[in-house]
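Chain residues, written in single-letter form:
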Amino acid sequence: MTVEQIRVSTEWLDLREPADAAARSSDLVERIRRQLPAAGRMVIHDLACGSGSMARWLAPLLPGPQLWVMHDRDADLLEVAAANPPGPAADGAPVIVETRLSDITQLLPDDLAGANLITASALLDLITGDPLADLVGLCSAVGCPVLLTLSVVGRVELAPAEPLDRSVAGAFDAHQRRMTAGGRLLGPDAVSAAAGRFRMMGHRVLVRSSPWRLGPADADLAAEWLTGWLDAACEQEAELAAGVGAYADRRLAQARAGQLAVTVGHSDLLVLS
Ligand SMILES: C[S@@+](CC[C@H](N)C(=O)[O-])C[C@H]1O[C@@H](n2cnc3c(N)ncnc32)[C@H](O)[C@@H]1O
């Protein structure tokens, strides 16, 4: 197993869901709509679905009846996903959800046979090179479009800016690329690594920027994100931890008061045959 074994909380996924929905590329949805089967029920496999936010965003943007097969290794998150299914399709057709307790690194092409679309969100940056190669091989063998959204790309901007922002951002990126028992996490390199691998297998890959742009209305998310950003950076660089106290207090107070604009860079990928 070479995917970071970090348990993701429902509270964190709930908090980020509106910002994720606002950030995801609608241009790529338009491209997916052009690839859909003309008739019949579409089958979509969402890998590492968490609490199901990808389906709640995408299903109502696609026409026609849909079956969403949601895979995750966390049974509690699957329960939340099943209890909060997406609304109907864009044309009012029914959308059905089925959950599967799966380790996505162990899936075989037969497990996804008949898929019309494979999706994954906020996943690629958590994995190392080997499971990425397996994932690319799996998707390529299934042979349908693949939408991989919201992978971090190592671009963070805070406004107003401060000199320490760059040091914290650098340490955070290093933390995202840290060595684990299963190898080095891809972190901000995930998008270029995935795009490169899919292209090597002869696929067309479209990449779109999908940043979070958090303002005064997103104060809770900004504060929670900032806490995680600072904790990861300090865990990575002990020297930084020693000198960042006043900066951290000031930045958190700004975030909680809605006085910190935060841009977190992500990219979305659509892989076509
Ligand atoms: C950051 S969350 C993203 C959840 C969801 N895709 C979203 O965008 O809200 C990462 C998810 O990956 C799941 N996950 C990580 N490694 C996995 C694996 N090997 N097999 C199945 N699920 C995995 C976690 O349980 C978690 O739900």
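I will try to describe carefully the structure that is included in this document. (Residues numbered from 1 in each chain as written. Predicted model: local features only at pLDDT ≥ 70, side-chain atom pairs only at ≥ 80, totals over all residues. Heavy atoms only, no water.)

Within the fold, His 175 resides in helix 6 (residues 164–176). With near-sequence residues (within four places) excluded, His 175 lies in contact with Ala 232, Glu 235 and Gln 236. (Helix = DSSP H or I, 4+ residues; strand = E, 2+ residues; numbered from the N terminus. Contact = heavy atoms within 4.5 Å.)

Across all of its chains, the model carries ten salt bridges by this definition. One salt bridge connects Arg 208 with Asp 27, and the closest N-O pair in it is separated by 2.5 Å. Within this pair, whereas Arg 208 is found in strand 8 (residues 204–209), its partner Asp 27 is found in helix 2 (residues 26–35), the two being separated by 181 residues in sequence. By relative accessible area, Asp 27 is classed as partly exposed at 30%. The salt bridge involving Glu 162 is made with Arg 251; its shortest N-O contact spans 3.7 Å. Highlighted residues: Glu 162 in the loop between strand 5 (146–159) and helix 6 and Arg 251 in helix 10 (residues 245–256), separated in sequence by 89 residues. Each member of the pair, Glu 162 as well as Arg 251, carries the same accessibility label: buried. Linked by salt bridges that have partners in common, Glu 162, Asp 165, Arg 250 and Arg 251 make up one network. (Salt bridge = Lys/Arg side-chain N within 4 Å of Asp/Glu carboxyl O. Buried < 20%, exposed > 50% of the residue type's maximum accessible area, 1.4 Å probe, protein only.)

Of all residues adjacent to the ligand, which total 18 residues, the nearest are Ala 48, Asp 72, Asp 103, Ile 104 and Ser 121. At 2.9 Å, a backbone N or O of Ile 104 approaches a nitrogen atom of the ligand. Residue Ser 121 places a main-chain N or O atom 2.9 Å away from a nitrogen atom belonging to the ligand. Here the ligand loses 97% of its free accessible area of 600 Å² to cover by the protein chains. Residues belonging to the shell around the ligand are distributed by class as follows: nine nonpolar, five polar and four charged. (Near = heavy atom within 4 Å. Polar contact = N/O pair within 3.5 Å; in protein donor to acceptor, adjacent residues only side chain to side chain. Areas by Shrake-Rupley, 256 points an atom, 1.4 Å probe, with all protein chains shown as cover. Nonpolar A, V, L, I, M, F, W, Y, C, P; charged D, E, K, R; others polar.)

This next bit is on the packing of helix 1 (residues 10–23) against helix 8 (residues 219–236). Packing of helix 1 against helix 8 brings their axes to within 10 Å, and their N-to-C directions diverge by 120°. One finds that helix 1 runs oblique with respect to helix 8. In this structure, helix 1 crosses over helix 8, and the sense of that crossing is left-handed. For the pair helix 1 and helix 8, the contacting residues are Trp 12, Leu 15, Arg 16 and Ala 19 in the first and Asp 220, Leu 221, Glu 224 and Trp 225 in the second. (Axes fitted to C-alpha atoms, helices over the stretch in contact; angles between N-to-C directions. Parallel < 35°, antiparallel > 145°, perpendicular 65-115°, else oblique. Left-handed = near helix turned anticlockwise from the far one by under 90°.)

Let us now look at the environment of Leu 135. Here Leu 135 lies in helix 5 (residues 129–142). On the basis of relative accessible area, Leu 135 is assigned to the buried category, the value being 6%. Not counting chain neighbours up to four residues away, the residues in contact with Leu 135 comprise Leu 47 and Leu 124.

In terms of backbone geometry, most residues other than glycine have negative phi values and most peptide bonds are trans. Ala 159 connects to Pro 160 through a cis peptide bond whose omega is 0°. Within the secondary structure, Pro 160 sits in the loop between strand 5 and helix 6. One non-glycine residue, Ala 122, lies in positive phi territory at about 55°. Among the structural elements, Ala 122 can be located in the loop between strand 4 (117–121) and helix 5. The backbone of Leu 150 shows a phi angle near 55°, a positive value even though the residue is not glycine. Its place among the elements puts Leu 150 in strand 5.

What is shown is where atoms sit, not what they do.
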